[in-house]
Amino acid sequence: MKQFFLALDLQNDPEKIKTYIKYHQNVWPEILESIGASGIQSMQIFNVENRLFMILQTEDHFSFEKKAKMDLANPKVQAWEKLMWEFQQALPQSKTGEKWRLMEEIFAYQKNA
């Protein structure tokens with residue numbers, strides 16, 4: 001199993017943030033199906049102010065490139081992404097069109113049993 005951590009910002013507008021959260025309380029079934037079909041086993045999104053943080057747990061064969069190709073071929077995913085981009089904004093220094101950005105682990109602690 002692989003694990004990834006990603007970040008993205010929302011537009012700093014309380015109403016848009018509220019609406020974005022509402023959408024994620026009732027994600028379209030086709031989006032959930034697409035997530036699972038890509039090899040993602042678990043996805044969590046956290047929010048503080050206008051910052052989002054995502055944790056993905058995936059099958060070993062998962063790749064972002066394969067998921068991107070699947071997403072491009074799925075009209076419902078494209079509609080969802082277009083809708084979500086109305087609320088999202090790229091992190092500073094992101095490349096054009098880049099949304100969620102991979103985060104680098106800089107610290108870890110695990111207490112020995």
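Further up the page is the structure itself.
Scoring rules and cut-offs
- Residues numbered from 1 in each chain as written.
- Predicted model: local features only at pLDDT ≥ 70, side-chain atom pairs only at ≥ 80, totals over all residues.
- Heavy atoms only, no water.
- Core = buried A, V, L, I, M, F, W, Y, C linked by side-chain atoms within 4.5 Å.
- Buried < 20%, exposed > 50% of the residue type's maximum accessible area, 1.4 Å probe, protein only.
- Helix = DSSP H or I, 4+ residues; strand = E, 2+ residues; numbered from the N terminus.
- Contact = heavy atoms within 4.5 Å.
- Axes fitted to C-alpha atoms, helices over the stretch in contact; angles between N-to-C directions.
- Parallel < 35°, antiparallel > 145°, perpendicular 65-115°, else oblique.
- Nonpolar A, V, L, I, M, F, W, Y, C, P; charged D, E, K, R; others polar.
- Phe/Tyr/Trp six-rings, centres within 6.5 Å; stacked < 30°, edge-to-face > 60°.
- Lys NZ or Arg CZ within 6 Å of the ring centre and 35° of its normal.

A. Quick peek at the nonpolar core. Leu-10, Tyr-20, Ile-31, Leu-56, Met-84 and Phe-87 are the most contacted members of the largest nonpolar core, which has 19 residues in total. The set of elements that each furnish at least two residues to this core consists of strand 1 (2–10), helix 1 (14–24), helix 2 (29–37), strand 3 (51–58) and helix 4 (75–85). Among all residues touching Ile-31, those that are not within four sequence positions of it are Lys-76, Val-77 and Trp-80.

B. Main features of the packing of helix 1 against helix 4. In the contact formed by helix 1 and helix 4, the axes pass within 11 Å of each other and the chain directions differ by 155°. In terms of their interaxial angle, helix 1 and helix 4 are classed as roughly antiparallel. Touching Tyr-20, Tyr-23 and His-24 of helix 1 are Trp-80, Leu-83 and Met-84, all from helix 4. Taken together, the residues that form the contact of helix 1 with helix 4 break down as 5 nonpolar, 1 polar and no charged.

C. Local environment of the packing of aromatic side chains. For the structure on display, the rule yields 9 aromatic pairs. Ring centres of Phe-4 and Phe-64 lie 4.9 Å apart, and the angle between their planes is 75°; this geometry places the pair in the edge-to-face category. With a gap of 60 residues between them, Phe-4 in strand 1 and Phe-64 in helix 3 (residues 64–72) connect regions that are remote in the sequence. Note on Phe-4: relative accessible area 18%, which makes it buried. Each ring, one from Phe-5 and one from Phe-53, has its centre 6.0 Å from the other, and the planes form 5°; the classification is stacked. Here Phe-5, found in strand 1, pairs with Phe-53, found in strand 3; they are 48 residues apart in sequence, far enough to count as distant. Since its relative accessible area comes to 24%, Phe-5 is described here as partly exposed. Members of the aromatic cluster, each reached through a chain of ring pairs, are Tyr-20, Tyr-23, Trp-28, Trp-80 and Phe-87. Against the face of Trp-28 rests Lys-76, its NZ or CZ located 4.9 Å from the ring centre.

D. Just the environment of Phe-87, in detail. Of note, Phe-87 is situated in the loop between helix 4 and strand 4 (88–89). The class of Phe-87 is buried, set by a relative accessible area of 8%. In this structure, the C-alpha to C-alpha distance between Phe-87 and Ile-17, residues 70 residues apart in sequence, is 7.0 Å. In this structure Phe-87 touches Leu-10, Gln-11, Lys-16, Thr-19, Tyr-20 and Tyr-23, once residues within four positions along its chain are discounted.

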